[in-house]
Amino acid sequence: MHGILERGRHPNGTSRVTAAVVLNQKAKTLQPRIRSMVEDGSRVFTDALASYDGLSDKFAHDTVEHAAGQYVKEGDVHTNCMENFWALLKRALKGTYVAVTPKHLERYVDEEIFSDSTSGTRQMPVALRMRCGALLGSGCSTGSLCKSEPHVWIIVRWYWRF
C-alpha cells in the first residue's frame, strides 16, 4: 500500500490522507502516483526507500532514515503522521475486520480514510491531527511538530502480508 498525507491543507485545517493498494514498491509504480497528486515545488517528506530517489527534480524532497533510528530530522521533517495512519489501519485490519482478503483490501483502506476524515469523535485521528499540527497553534508545547505548514506532503509505503 502507498499513502500520501497532505499536511494541514484541508478546509478545516486538518491533514488529508489518501492511500491505495499498489502492485509493488518500485519507482515506476510509486513516482507517477506521487507526481499526479503532489503540487510541483511542494515539500515532500519520505522514508529512505530508494524508489523515492529522483523526486528532488520537482519537489523539495527530504527523507528520514528509520533504519538508522532517525524519526525526526531538522525539527519538522518526519513521516510520523502517515505512520500513525498505518498503525490505525493495521489495528482495524487485525482487530476489527480479521478476515481481510487482497480482493477487498482497497475497500478497507477507503473505509479507514473515510473514518479518519469525517469523524471528529475518534480519539486517535484527533491525536494524529494534533501531532501533525492541524489543531494546535504556534504556542504548542512540542514545538515545530505542531506547526501547520501548507504544501507539505508526507509519503510512506506500507506492506501488508496476508
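Notes on the structure follow. Only a predicted model underlies this, so the values are computations on that prediction, with no experimental measurement involved. (Residues numbered from 1 in each chain as written. Predicted model: local features only at pLDDT ≥ 70, side-chain atom pairs only at ≥ 80, totals over all residues. Heavy atoms only, no water.)

As for its position among the elements, Leu105 is in helix H3 (residues 105–118). Exposure remark for Leu105: the relative accessible area of 4% places this residue in the buried category. Along the primary structure Leu105 and Ala20 are separated by 85 residues, whereas in three dimensions their C-alpha atoms are 9.2 Å apart. (Helix = DSSP H or I, 4+ residues; strand = E, 2+ residues; numbered from the N terminus. Buried < 20%, exposed > 50% of the residue type's maximum accessible area, 1.4 Å probe, protein only.)

Bringing helix H1 (residues 27–37) into the picture now. All buried positions along H1 are accounted for by Leu30, Gln31, Arg33 and Ile34. Projection of H1 onto a plane perpendicular to its axis shows the buried side chains occupying an angular sector of 160°, all on one side. In this structure, H1 carries Lys28 and Ser36 as exposed residues pointing more than 90 degrees from its buried face. On its buried face, H1 sits against strand E1 (2–7), strand E2 (16–20) and strand E7 (152–157). (Arc of directions from axis to C-beta. Contact = heavy atoms within 4.5 Å.)

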